[in-house]
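The primary structure of each chain is shown beneath.
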Amino acid sequence: MEDVPSGLAGHPDRLRWNSKYEAAPGLSPVHPLAERALALPMPDGGVLDLASGPSGSALLAAAAGRHVTAVDISEIALGRLGAQARRRGLGSLITLVQADLGGWRPEPPGYALVLCTGFWDRAVFGRAAGAVLPGGLLAWEAFTEDARRDRPRMPAEWCLAAGEPASLLPGGYTVLSQADDPATAKRHLLARRHSGPAR
Ligand SMILES: C[S@@+](CC[C@H](N)C(=O)[O-])C[C@H]1O[C@@H](n2cnc3c(N)ncnc32)[C@H](O)[C@@H]1O
């Protein structure tokens, strides 16, 4: 990774996640939602992995020939992902972006798949939904409010409210699935953007 962008030097999310990744070496496993999405028909185009961490899912997408843009605030996570991608001969297929998702904007023309697991922010979700190419997929997983029963200190804004995130989709999407996993207090969404004009 290049130097840490100056605006991120003291960012609390960066400091917190760098410490976590330093304490736990290794990659994040391929997420089952990513595996499922990548097995579905998709238009030509890249994959955007938001809050990627050292993402096994990004590596899977690159191994399938997709160009992947991985965005995360932690240079430890991104450095680890980049090193593993190079080891697997996939370095040229993965672009690493160190950024705070609160301020980052996806670039046109968009992505065949936008993936985000383990992170929630309504504004980021809205931008992500706008960055999916016609016919492409949006795949998301985050904690529900149930997670706060076991972790009362978890901020409410990190958690999906009832019906979210499907209820926040703009027009022009079909929900393929949205379901809760009570064991983890997480909910996933898989949705496809219509390929024609918005209905
Ligand atoms: C729970 S981990 C999920 C990692 C990966 N997506 C997965 O499913 O294993 C949350 C990720 O969000 C990243 N993150 C936290 N706050 C962020 C922010 N403000 N901007 C960008 N990334 C952030 C962390 O660095 C971390 O990699």
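For the structure itself, consult the block above.
Read on for an overview of the structure.

The rules behind the values
Residues numbered from 1 in each chain as written. Predicted model: local features only at pLDDT ≥ 70, side-chain atom pairs only at ≥ 80, totals over all residues. Heavy atoms only, no water. Near = heavy atom within 4 Å. Polar contact = N/O pair within 3.5 Å; in protein donor to acceptor, adjacent residues only side chain to side chain. Areas by Shrake-Rupley, 256 points an atom, 1.4 Å probe, with all protein chains shown as cover. 1 Å grid on protein atoms, 1.4 Å probe; cavity = no way out; pocket = protein on both sides within 12 Å on 5 of 7 lines; lining within 4 Å. Sits in = over half its atoms within 2 Å of the grid points. Helix = DSSP H or I, 4+ residues; strand = E, 2+ residues; numbered from the N terminus. Phe/Tyr/Trp six-rings, centres within 6.5 Å; stacked < 30°, edge-to-face > 60°. Buried < 20%, exposed > 50% of the residue type's maximum accessible area, 1.4 Å probe, protein only.

### Points about the site of the ligand
Consideration 1: Around the ligand, the structure places 16 residues, and the nearest of them are Tyr21, Ala51, Asp72, Leu101 and Thr117.
Consideration 2: In the model, a nitrogen atom of the ligand is placed 3.0 Å from a nitrogen or oxygen of the Asp13 side chain.
Consideration 3: Relative to its unbound accessible area of 590 Å², the ligand is 86% covered by the protein chains.
Consideration 4: In a pocket analysis with a 2 Å cut-off to the grid points, the ligand is assigned to the largest pocket.
Consideration 5: Sorting elements by how many residues they give to the shell around the ligand places helix 1 (residues 12-23) first, with three residues.

### Focus on the packing of aromatic side chains
Consideration 1: Across all of its chains, the model carries four aromatic pairs by this definition.
Consideration 2: When the ring of Trp17 is compared with that of Tyr21, the centres are 5.6 Å apart and the planes differ by 40°; the resulting orientation is tilted. On the criterion of helical spacing, the pair formed by Trp17 and Tyr21 is a turn pair, its members being four residues apart in helix 1.
Consideration 3: Note on Tyr21: relative accessible area 14%, which makes it buried.
Consideration 4: Summarising the aromatic geometry, the rings of Phe125 and Trp140 are spaced 5.1 Å apart at their centres and angled 70° between planes, so their arrangement reads as edge-to-face. Within this pair, whereas Phe125 is found in helix 5 (residues 122-130), its partner Trp140 is found in strand 5 (residues 132-143), the two being separated by 15 residues in sequence. The pair Phe125 / Trp140 is uniform in exposure class, with both members buried.
Consideration 5: Among the aromatic residues, those joined into a ring-pair cluster are Trp120, Phe125 and Trp140.

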